[in-house]
Structures are given as structure tokens and as C-alpha cells.
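This is what each chain is made of:
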Amino acid sequence: MHRIETHIDTHSEEFKSKAAQYRELVAGFREKQRAARFDGRERGLERLRRQNKQFVRDRLDQLLDPGTPFLELSSLAANQSYDGEVPGAGLVCGIGIVSGREVLVRADDSSVKGGAMYPLSVKKIVRALDIAIENRLPVVHLCDSAGAFLPMQAEIFADKYTGGRTFRNQCVLSKMGVPQVSVVLGHCTAGGAYVPALSDYAIIVRGTGAIFLGGPPLVKAATGEVVTADELGGADLHTTTSGTADYPADSEQEAIAMAREIVAQFHQPRKADIGQAPPEPPYYDPEELYGILPTDVRIQFDMREVIARMVDGSRFHEYQPAYGTTLVCGYAHIWGYRVGILANNGVLFNDSALKGAHFITLCNQNRTPIVFLQNITGFMVGRDYEAQGITKDGAKMLMAVVGSEVPKFTVICGGSFGAGNYGMAGRAYDSRFLWSWPGSQISVMGGEVAAGVLTELKVRQMARKGEQPTEAQIAAIREPVVAEYRRTSSAYYATSEIWDDGILDPVDTRNALGIGISCALNTPIEKPGYGVFRL
Amino acid sequence: MQRRYDIGGQKVAAQTSRRGETLRLEIGGREHEAALRELGAGEYVLRLDGRERRVWIAADGDSVYVHMDGRSWRVRAENDGQASSASGGPARADVAAAPMPGTVIAVHVAEGEHVRLGQTLVVIESMKMETPVKAWRDGVVQKIHHPLGATFDRNAPLVTLAPVQPAS
Amino acid sequence: MPAFKKILIANRGEIAVRIIRTLRALEIPSVVIFHSIDADSAACREADERVEVIGDSPVAAYLDIDAVVAACRATGADAVHPGYGFLAENPAFADALSAAGIAFIGPGPEAMALMGDKVRARREVARLGFPITPSADEEDDPASFAERAAAVGFPLLIKAAAGGGGRGMRIVTEVGGLADQIATARREAERYFGDGRLYVERYIERPRHIEVQVLADSQGHVVHLWERECSVQRRFQKIVEESPAPGLNDTQREKICETAVGIARAIGYVNAGTVEFLLGPDGTFSFMEMNTRLQVEHAVTEAITGLDLVGEQIRIAAGEALGYDQSAIVRNGHAIECRIYAEEPERDFAPAVGKVLRLRPPAGPGVRFDGGVIEGQAVTPAFDPMLAKVIVHAAERSQALHRARAALRDLVLLGVSTNVAFLERLLGHPAFAAGETHTGFLAEHREVLQAPPPEPEQLAALAAAAALIARDPAPETPQPYAAMGAWRN
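Here is a short report on the structure shown in this document.

Rules and cut-offs
Residues numbered from 1 in each chain as written. Chains lettered and ligands numbered in written order. Predicted model: local features only at pLDDT ≥ 70, side-chain atom pairs only at ≥ 80, totals over all residues. Heavy atoms only, no water. Helix = DSSP H or I, 4+ residues; strand = E, 2+ residues; numbered from the N terminus. Buried < 20%, exposed > 50% of the residue type's maximum accessible area, 1.4 Å probe, protein only. Contact = heavy atoms within 4.5 Å. Buried area = accessible area lost by both parts, 1.4 Å probe. Salt bridge = Lys/Arg side-chain N within 4 Å of Asp/Glu carboxyl O. Phe/Tyr/Trp six-rings, centres within 6.5 Å; stacked < 30°, edge-to-face > 60°. Lys NZ or Arg CZ within 6 Å of the ring centre and 35° of its normal. 1 Å grid on protein atoms, 1.4 Å probe; cavity = no way out; pocket = protein on both sides within 12 Å on 5 of 7 lines; lining within 4 Å. Points joined across faces, edges and corners; volume = space filled by probe spheres on them. Pairing = 2+ DSSP bridges.

## Digging into unusual backbone geometry
Consideration 1: Of the consecutive residues Ser-243 of chain C and Pro-244 of chain C, the connecting peptide bond is found in the cis state with omega at 0°.
Consideration 2: By secondary structure assignment, the location of Pro-244 of chain C is in the loop between strand S14 (240-243) and helix H10 (250-266).
Consideration 3: Cis rather than trans, the peptide bond between Gln-479 of chain C and Pro-480 of chain C has omega equal to 5°.
Consideration 4: You will see that Tyr-82 of chain A, though not glycine, has its phi angle at about 50°, which is positive.
Consideration 5: Within the secondary structure, Tyr-82 of chain A is located in the loop between strand S2 (70-73) and strand S3 (91-98).
Consideration 6: Given a relative accessible area of 18%, Tyr-82 of chain A falls into the buried group.

## A short note on the interface of chain B and chain C
Consideration 1: Between chain B and chain C, the contact holds 46 residues from the first and 42 residues from the second.
Consideration 2: Regarding the contact of chain B and chain C, the summed buried area is about 3,800 Å², with carbon and sulfur atoms giving 66% of it.
Consideration 3: Counting across the chain B and chain C interface gives three salt bridges.
Consideration 4: For Glu-476 of chain C, the salt bridge identified is with Arg-18 of chain B, shortest N-O distance 2.9 Å.

## Notes on the packing of aromatic side chains
Consideration 1: Under the defined criterion, the tally for this structure stands at 22 aromatic pairs over all chains.
Consideration 2: Following the ring pairs from residue to residue traces out a cluster consisting of Tyr-82, Tyr-118 and Phe-149 of chain A.
Consideration 3: The lysine or arginine in question, Arg-510 of chain A, covers the ring of Trp-335 of chain A, its NZ or CZ lying 4.7 Å from the ring centre.
Consideration 4: The ring of Trp-73 of chain B is capped by Arg-71 of chain B, whose NZ or CZ atom sits 4.0 Å from the centre of that ring.

## Some thoughts on empty space enclosed by the protein
Residues and elements named next belong to chain A.
Consideration 1: A full pass over the atoms with the stated rule returns five cavities of 30 Å³ or more.
Consideration 2: Space inside the largest cavity adds up to approximately 80 Å³.
Consideration 3: Lining the largest cavity are 14 residues, and of these Pro-294, Val-297, Phe-301, Cys-413 and Gly-414 sit closest to its centre.
Consideration 4: A per-element tally of the lining of the largest cavity places strand S14 (residues 408-417) first, with three residues.

## Re the environment of Gly-516 of chain A
Residues and elements named next belong to chain A.
Consideration 1: Its location among the elements puts Gly-516 in helix H20 (residues 509-520).
Consideration 2: Through-space distance from the C-alpha of Gly-516 to that of Glu-24 is 27 Å; in sequence the pair is 492 residues apart.
Consideration 3: Excluding its chain neighbours within four sequence positions, the residues that come into contact with Gly-516 are Phe-409 and Phe-433.

## Concerning the pairing of strand S1 (residues 2-7) of chain B
Residue and element names in this part refer to chain B.
Consideration 1: Counted residue by residue, S1 has five buried out of six residues, so it is predominantly covered.
Consideration 2: In this structure, S1 lies alongside strand S2 (residues 10-19), joined through six bridges in antiparallel fashion. By the bridge assignment for S2, Arg-3 is matched with Ala-14.
Consideration 3: Two successive antiparallel strands, S1 and S2, enclose a turn made up of two residues, where Gly-8 displays a positive phi of approximately 55°.
Consideration 4: As defined by bridge partners, S1 adjoins strand S8 (residues 71-78) across four bridges and the pair is classed as antiparallel. Residue pairing in the sheet places Asp-6 in a bridge with Arg-76 of S8.

This is the structure we're talking about:
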């Protein structure tokens, strides 16, 4: 493997001005993230203080081992929904270290709407537990939720991937032998009551913690019985009489310390052995990514420069460097883990698609996890390319991606358009983790193209009615189309809808991938199997 | 893991984790890195956040004695986790309930009497076994629910200790 | 030709070790008696021979006169050094040894008996024309004791006639509490000394405790080895002793030392003894008592005079003449002794127990460490809680203070709470440094009792040390997490 030779002049004006622009973009993202984590909490935090409860971030700090990382997932979930009033979808999910064990943490944030479950909250939990299942991660649930947000119950309850799925996933985890601990720090009402009940271990805090299928108001309405929350489902009831929870604790701190002690008892499973080199930081400073990445997705950049700032020692073994050059393929190490990388350096042609499919099968053959770095406008269109079978070559790439058994990781660096999203392991293709960069865009086709197509359709409709729109009218049609398109194709919209596992500062990507790969190796790597390749 | 210490009356809670020889501690929201190198015969070099000190350390049970900065300190480890779960459970309730149906065969205390943790309150017999019901905390006997010779069902209250006013 | 063939030490702890050192220098074989609790003690290790003594309690074992005599017979020891405490001031013991033909290294039984009875001693000293504080003795007329006591004037001090070591002493500030305090003091005296007789004396406020070391041979030569100031005390027990006394001018010094020599000579005293005085703020001093033995703080005098007091005691006991006169005894520099106790100054000097897990004595020029404990030894409540003494000697007082504080900081003694850090603070206190010492020093400067709270950084270091030494190590953070540190995205 050789160190990638950079062609970036970090002293150039162009570099500096690009860096300044991208830093501004990242600063915007950081500000949104900060606001989602902390802003508008005054009332919620005041209520928590009165209830003798802690803010979810403080709970997390107590739970996690000191000086260890925490990879937060979907920190900006729901940032474009519910008028922005349910930041983070009302819960914190992430991967961290508790008592030396890699665990997934799911923590309700009751400073947001009392921790009520909105549709995207449920989606975030389902996704988090899917991650736990796929990567065999023990789960710590920090429970403090008011239950389903009733006005939206239709979107939360009945469908396959809604409320019931969260409990189904808990059962699946248990069946797989992956342990779960629930710490009941607030109310676990109705469905929420099953979170501790389905956990292998449940700790409940005296006074503040309660578990019940129906809370006191519901009980009163249903049977007329007047009963306090503590009598109905408090710590002493559940740890002495019902057996729904296992350990009473006198304070949140004690409960969390007990959870840490319980996690310390978990067996440390053996990881899939893919061989590991000693980790080494990239030779080129990852912060240089800011001067390399454009803030406009229409501007092309060389993915090798990105790879050089993400992988160990900036070393890369490029596969087929002279063939299908719009898709860069090759091997590198991230945090000592060998990975195969597929990175877009332009539109996918027939040869690049074939090269990609071939390289994916190679990685499966030699048990190498795959990282997809997306900046893709799609597969090439036009008569010649159709004639050469661009669709069938693209299909080969999809087939290889789906048949792949090694863990896949996807980073949407720039554009992610059309079938390019599929071929490069988009959300539907079961990457273990998928992250976006702040300036990325994702849609079925590029925004300008789409706006053009949509405007053209409108103009034709008018023409059929005998109308001849003026330039101004056409512009008036085009503007809202473009605006709406821009909104729904932005990374913030994608992450709001949990199409990804969160937006990452590009500089953080290496760590996120390191943690992701480490998690993925908890699951054995099976032999690959593919469907029929249209040859 | 969480460790709690009493250092000359000051309580310190430290979350600890380890990287090989390096210990990470979080105390009151501040993170520290520490390592210990033994020079022999109880003498060590303690490194904390880059500062090195020569120290002497000796451990005895729950106490660790440290000579540092020209004086000796006693660092007493306080149990958490297990101790707190022991303090949990039914121990916090005010009523001792019968673990199984049976008969009261001895009453050792009277209502209004001060009792100490571990003191036998009543003795019950069931399934041909005698079981003493002991005070689960210090307190005052508020009520003895069944006189000598009375029978009771499972979960029946046996002895109530007057509730403790929670420390503010 | 050594004075004695073999000397038995009827004591334990640091003083036994101290005496053995001199015996080694004199090439006299040593024997110690020991109770099984001390079987692994420093004294047992250092002595050439050891004889176990048995008793109802460890203290009782060391007080068993017959056992000591038997031990001398069994080992062929022809002299006994009693150290301090235990049998050191017991005339019956001296008599028993004498009857067995064994030399007692100390004064004769008569002087011991006289000075052991504090009431008789004061009366005799007054009769000989030496100053004593206004006082009233119960024995003179028990019926009028309370009345006569009140006439002495307040504040006054109630003492046990048979007392010592601070026990049974009570300060009474007004006539109202007098009767009750007399009753309490009597109960204590009966309990501690089996002798409920009391006396009262005027309590001198802010007095300095000045004592004078004397040596007298059996030929009638008496010299003093200058004074020591031992004002800073807790529960009437000395903590720090020094010489020269910072509160004396040369005239006062000459006068007080001459008075001590006069008393020793007048009562026909032989061997080493200490005459204790109270020095009032007005410069007047009065006789308090005489200790007819080697004192704990004798090392201070050894430092400034260069003499080996134990060696001198042995020579005198063997009948040798002093061989030098007062003019030959030259003071040199300043010496300070700090007593290391197993106790908690922060908790009203409550005695502490534990086990000496680690001991590293201080060292350096002018630093002497007299220790009676070794690593692994249990510190039990069976004996006095004094573990060791740190004695420093320097050209002048401020240098000695620096040296003493450095030695206290260097002393590593782990496994039991001690007063070491407190002593270091005490010596650094501005009033102490200025020599403004008196017996109420600690009551006046209570702040010195409280250890300053550790800095947050020190707390972190201590918690880190404890966690690093713990048997259950913190969980290892797996890679690559460990290398990422506290990263957040």
C-alpha cells in the first residue's frame, strides 16, 4: 500500500476560501446540533429539577466510562418535523462504552415534551434496535417517557415498523442472547412498560420511577380506582411484589451505577476475526477536508483526496486504477481495520459499474468490510449507454451490494441521486451504518434536472389548455418547485426523516467508521450468496 | 466503574476506566488521566494529568493510605452497588410481610420499643421451620400485627416500624 | 571494662530500642522482656535476648515485678533499665531488684517515693525554700479542703496526689463548680491510681512548661543539662519539646537551672531526673514536680549537649563519678522533638489503631528518628499511642523548625492515622514560630487542629492512587475506543 500523493495545495487561496466556506457549513450543522441538544429546554429542565430527575445528557455522562467516546446517532432526527418542537425526536441514541463493554444506549429525553413518543421517535428507536440486532450490541435503556403522543397515534401504532416493532426488536435481541438493561428513571406507561419488562435486567428508582400499563388517570377513567403512581407501579411494588423490575435504587446516580455494574457482568463476545493492524492516524490532516470539499454538490472533487484524510497513514491500495476511473476502488485501513472502499469520482459508466460489482465480490471473498463514499449523480444516461447495457451493468452492482455479507458502511459525501444511491449502498441496502455530510443532497434526480422536468410538465399542461405562459409565469412555476425540491433533498431533511444515522462533520467520519466497524464485527461474517447476475 | 471514596471526610465519586496501564477518572465532571509506576517497597511514581509525584501507597482492607505532597492521607473506599441494592428491596418498606403462611411462636419486642438493625422482632413458624423476623433497620415498633400463637397468610403484615422521616 | 555484664530492659517500644542502641555502643549485651503482643516488635528484633512475660493484660505483663526479677535471673542480667512509664518510678520495683542483688538504673527508692507523691514532694520543696504555686492539700485537713481550695484563688487546678501523665487533672474557673469537680477528679484518681487523694494549686494562665534535666552521681556531684520547653500539650501530654526554651532569657535560664540543681542536691538525688516548673507570663516560676526517670524528651538534651543520657545513667548506676562539672556542659544549637502519636488530631486526638504498613524514617543532617514500630506491626489500644519521635538539631531555632517540618513531611508512616501532618502545621504556625508557646496553645489556636481540605487536584490524585492500587481494576476500554478518548460527534 502506498501513501496517496495529494494534489492539494493547502497554502493556495482556493483552498483557504473553500475551507472557510465549508467550515461555515459545518458550523451551521454544529449550531443546529447544539440547539437540538440543549435549546428550549428551560421549562422541561425546571420540571426535571422539581421531580429530582437529571437531564438526559448528565445521565449519559454518568453511564459512560470516563474518557471514552460516544457516537451519537441521528442527533438531528425530527429537526424538520413537528414545527421543530421535538428535537432529536425526544430521545438520545448512540454507541459508547459502559464498564469496558461496547453498548447501544437508548435514552429518553423527558425535557422534550415529557419524552412523548412521536412517529419519528418510534422510527429512531426501531432503527437503534435494528442496529443492536445487526451488530449484536447490548442495550441500555434509560427510560423516562410519557408514552405515545396520542394525537398522532395513527402513525405510531399499527404499522409494521412502528410501536410494536420496538418491542419485537427487544424480543429478537433477547432471543439472540444479546443482553439488555433498563433503568427506569421516570414513567414507563402503556407500551413503554414493556421496555423494562422485556429487558434481562431492570432497575427502578424509588419515587421517580414507575411502570404501569395504565397510569393513574387511565385507571381512574377505566375503573374509578384512585391510586398514586408509586402505589400503582413504583419501585417497591415492582421489586418486591410484581417482579417486573429487579433492583430498586434510591437515586438516579445509584441506579446508573448499578446498571454499570450489571453491564460489567456481561460476557465480552469474540469479534469476527478479520485481522487487525495497529491503528495509525492519517498522514494528511483530516481537517484539510474542509478545503477540499465544495459546498455546492455540482462541483466535482477527487475522492482520493478524501480517502487520504480518512484512512490509516493515508495509505491506499487502488484496484484497477486505470479502468472504470469514475469509481475509485481499493483497500485501506481505518483504525487498523482493513476495509474495501468504493468512492465516486464521477458518473457511473458501464465499466465503473462492472468494476464496482467485481470489487464488492472481491471484498466478500476476502472478508473485508466495505465503505461506500457517495458523490453520485447516477448512472450515465443516453442512447449509447443504454445500448451498452448501462441498466444491466447497474443491476449487477445492486445484486453484488445486496448479496454482500461483509458489513457495509455508507457515507453520503456529496450528491446521492437516482440509482446511484442504490448501487452505492443507500439506506435500503442494509449498510450497518449510513451517515451524511452537512452539504450533501439526496433525491431521485439532481435538483436542477428535477425542477426542469417538473416545470416542463406544468408548461405542457397549460399548453394543452391553450395557455402560453410567459417567462415570468414559467419562473413563478419553477421557483416553488425548486424551493420544495431543495428542502426535501437536503441533508437536514434526510436526517430529520432518519434516512441516515446522522449528519457527521467530515472530520469525525474516521472515528464514526472505526466505531461502526468495531460494532459490526460482533456479528459473524457469513459466506456471501448472490442472485442471478445479468451478464 | 464507579468508585466512591472518603478522603478525610470529603466524599469523592470517581468513574474509572482503563487503557492498559492508564486509568481515566471522571470526578465532578472533570476528566483525569493517571498511571502508577512502582519503584519498589511501596514507593511509586503517580502521574496525574502529566504531573508526576513520588508517593508511597499501602492498602489495608477498604483503606488505602497514601503519602503524598508531604503528608499521609487515608482514602477509604465506600461500597456502592451491592451495598445500595442491599439497602434496597423490602428493607426500605415500613412493614415486614410474611414470607409464607404460618404461626407466630415468639414475640420479642413490644409496640413503641426502639429496635436496632438485625434485632429479632418476632419468630414465626411455617412449614416446620422457625424463621426469625429481624429489624431491617433501626426504628420504633409501631405495630405487631399478630399476637403470639396467631396464624397468618403469605404477605400478611407482621411488624410495622414507624416510618422514617426522609432526611431533607 | 563495662559497668555491667548484661542489662535487662523492662520496657517496650521506642525507648527499649533507644536503650539497646546505647548498650550496643557500650558493648553490653541486652535483654528485653516482651508480651506476646510485641513478639514481632522492633525491640524484640534489636535485643540480644528476649524473655516473654505474661499478664492479665499486656500492660500488666510489663508491670510484673517478679517476672522481671525472674527474667534477670534466667538471663544473668545484673542491671535493669526501666525506661519511662511502667515500673520506672516504682519504689517497690527498685527495692525488689536491690533485694535480688540487681542494679536499678535510676534513683534510689527514697527519692522516687518522695517525688512520686506529688503532695509530699511539693511540701518538701517548699520546706527547702524553693518556689511553689499557691496550693491546698486535702491531707492537711480533709474537712476544710474545699474551703481551702477556694482560698487558693481561681482558676485553679485539681490534681491527684498520686497522679501523673495528665490524668485526673481538672481546671476549675469558679467556686460554683468546685465541689462537683473535686468529686469527679477523685473518682478518676481512684480509678487510675487507686488513690483518691487530691490537692489543688493555682492555675497559672498561659504558663510555659519549663523543665530542667539534672544528673547527679552517688558522690554528690549534681549538674544540670539545661532546660527544655514542653509547653504545647494536648490532654496534658506533651507533643513538642525543644531546647533552649524560647521564652527564657539567659538570667531566667541560669536561675531556673540552678533551682533545679538545688532541689536535686537538697533531696540527695542520684541519677538522671527532671525538675518541672511552670513559668508565668510575668517571668516568675514555680516548682511543679520532679520526674525521677529518663524522660521521653531526653533526646532534645542529648542533641544540644552531645551527651548520651542513657550511657550517663548506666555509669552513675554503676557507681562511677560524673567526672565533669557544670562548666563542661556546653549548649550547642537548638533541638526540637516531635512526638508521633497514633491519633486523629481532627477528632479531638482520638487514639487510632491500625497496622504499620509502611515506614520510612526521615533522614538528613541533624535528623534523628527514635522509633519503636516496624512495618507489619499492629498498633493496638493496649499501650500509649506514641509510635516514635522525630528529633532535629540545628544551629538556631528557625533552622531547626524548617528541618523539623521537612523531616515530618519526609516521614512515611502508613497504615494508621497519626498526628504527623498536624505537627507539621503546628511547627509552621506563626505563633509557634515566634516562640509564643504556652500550655493553652492548642486551645487558643484551634485552627491548627483542622487539616486544610485537600485541593481538588489532590483529591483526584488520591482517588487515582486508590483506584490504581485496587485489586479490582477498572474495565479496560477496548480499541479503537480507547484511542479516541472522550470524542463526541
